[in-house]
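Inside the fold
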Amino acid sequence: MPPRPSLGLRARLLFAFALLCVVTAAAVAGVSYVMARNAILQRAQDAAVQTMRSRLEAVFPLRDPSPGPAELREIAATVADGSNDTVALYFGTRSPAGPGRPCLPFARPCRQGLDPGMIPKGLRREVISGNIAWQRVVWQDGPYLIIGTPLLIVEQNNRTRMSGIEVYTAHSLAPEQRSIDELATLAWLTGGAALAFAVVLGLLATRGVLLPVRELGRAARLLGEGELRTRIEVRGSDELADVARTFNNTAAELERHVEQLRGMEADARRFVADVSHELRTPLAALTAVADVLDEEAGRLPEPAGRAARLVSQETLNLTGLVNDLIEISRFDSGVAALAPNEVDMAELVRATLRVRGWSEQVHSELAPEVTARLDPRRVDVILANLVGNALRHGEPPVSVRLSAGPDWIAVEVRDHGAGLDEAVLPHVFDRFYKASAARARSEGSGLGLAIARENARLHQGDLTVTNAPDGGAVFTLRLPRRAPGLDEGPE
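Residues numbered from 1 in each chain as written. Predicted model: local features only at pLDDT ≥ 70, side-chain atom pairs only at ≥ 80, totals over all residues. Heavy atoms only, no water.

Our next topic: the overall build of the chain. A tally of helices and strands in the chain yields nine helices and eleven strands. Here the chain holds 491 residues, and 35% of them are scored as buried. Residue pairs in contact within the chain that sit at least 24 positions apart in sequence constitute 64% of those at least 6 positions apart. Total accessible area on the chain is roughly 29100 Å²; 58% of this is exposed by carbon and sulfur atoms. (Helix = DSSP H or I, 4+ residues; strand = E, 2+ residues; numbered from the N terminus. Buried < 20%, exposed > 50% of the residue type's maximum accessible area, 1.4 Å probe, protein only. Contact = heavy atoms within 4.5 Å. Areas by Shrake-Rupley, 256 points an atom, 1.4 Å probe, with all protein chains shown as cover.)

Here's what the structure looks like:
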């Protein structure tokens, strides 16, 4: 499954800063809002209750313990002021001042006032039980505080009894609500300002944190691309500075070890090249002697003849190995060069088979009139190696197939044996690698396929191997018909 996309470090830091700031601002603003709201409402409630108590003192003593509508209206008018709606009840009823619902005696145009049906039942029960009580309600599309109190009668023995009169006042909380709304607006504005501040602070913080991180990432990429002299400027003494110092130390150690390995590799290549070149002269003499021994082997006694033939064969093998090592050293040192020429590929394949006597053993399918500009000697080495391996280690029939496109040519060499093990395929072109332990001692050097692939890459092509579905190994050589850099050269 592909990895799920995730937010970058910058976005995550900004989100964390913003979330922290929003949660903190919301908590502080919420607590402040609730406390201020409760304080405002409590203050308004206390003031309204105190005012009602003060106005009720003007009603005592009651002139009539069994008041009628006029007395109830007088009591309501005494308690009411310009911001209150008041109603006085006697044993839960009141007499209307006229037809329909009553008009309260306020110093403003008459309007329908507080209806006893609007008084909460719980508040009524509390007042009837002899207690002063209040409750906030929404009435006439606005918040109101309804305060209810019973009127008590003091008898001669200083005992009090319920008079049956209840007085209810609806005090508007609209000014307080406006104050609370202003607090809420201020809390939202404060939260928005805090969020903007958090974003700015997050940008500054992420810039300070991500700048060294990005520099570290850039340096790591350069180091991975082989720029071993890459270093990071160390700033300050915090954790990021420690990371920068650790990176610089690691890069320095890596550069030192790589330089050592490069020196050792260069020494090994130079040693192989020097030894190979030094062996050519004595090998030339040994080859001449081996030729003589090979010619005389038939006339020598059997043990001596067999020894002469063995010496001759091993001399040839050693000569081939030295030549292969010299060729490899040229590739490693970068001095291998091409001698390009315009070549008919079909004719080149036929010549490779004909010179080595393989024409009758190999079936060929060669597209006609396929020309390319390449080095015929190096292509001949590639083809000879592929066909020779197929004949020696595969099973017949062995085939060579030539195909071409507008820009590329492909030569496919195939046998019909058991093919190569899947574990062997990635290592076929490794130097000195042999697929079978039984072939550890054979006429091959283990460098042929490695040299073949290097020759293909020198032409800016490639050499690959797969197993055919119906059995056998398939080597495919792909070469450009006009490789860049080969447009000029000797004819």
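Now that the structure has been shown, we can carry on.
Time to look at the nonpolar core. Membership of the largest hydrophobic core comes to 38 residues, with the highest contact counts inside it found for Met345, Leu374, Phe475 and Leu477. When near neighbours in sequence (up to four residues on either side) are disregarded, Leu477 contacts Ile382, Leu383, Ile409, Ala410, Val411, Ala456, Asp462 and Leu463. Counting 18 residues, the second largest nonpolar core, distinct from the first, contains Leu41, Leu72, Val79 and Tyr90. (Core = buried A, V, L, I, M, F, W, Y, C linked by side-chain atoms within 4.5 Å.)

Right, let's talk about the pattern of salt bridges for a bit. Going through the model one piece at a time under the given rule, you end up with twelve salt bridges. Across the pair Arg256 and Glu253 runs a salt bridge, and its minimum N-O distance is 2.8 Å. Residue Arg256 and its partner Glu253 are both found in helix H5 (residues 239–296); the two are separated by three residues, about one turn of the helix. When the shortest N-O distance is used, the salt bridge between Arg414 and Asp470 registers 2.3 Å. On the criterion of sequence distance, the pair formed by Arg414 in strand E9 (residues 408–414) and Asp470 in the loop between strand E10 (462–467) and strand E11 (473–480) is long-range, its members being 56 residues apart. For Arg414, a relative accessible area of 15% corresponds to the buried category. Taken together, the shared-partner salt bridges connect Arg229, Arg231 and Glu255 into one network. (Salt bridge = Lys/Arg side-chain N within 4 Å of Asp/Glu carboxyl O.)

Attention shifts here to the packing of aromatic side chains. Per the counting criterion, the structure on display carries one aromatic pair. Relative to Phe475, the ring of Phe429 has its centre 6.2 Å away and its plane inclined at 90°; by these criteria the two rings are edge-to-face. Of this pair, Phe429 sits in the loop between E9 and helix H9 (448–458) while Phe475 sits in strand E11, and the two are 46 residues apart along the sequence. When sorted by exposure, Phe429 lands in the same class as Phe475, which is buried. The ring of Trp408 is capped by Arg478, whose NZ or CZ atom sits 4.6 Å from the centre of that ring. (Phe/Tyr/Trp six-rings, centres within 6.5 Å; stacked < 30°, edge-to-face > 60°. Lys NZ or Arg CZ within 6 Å of the ring centre and 35° of its normal.)

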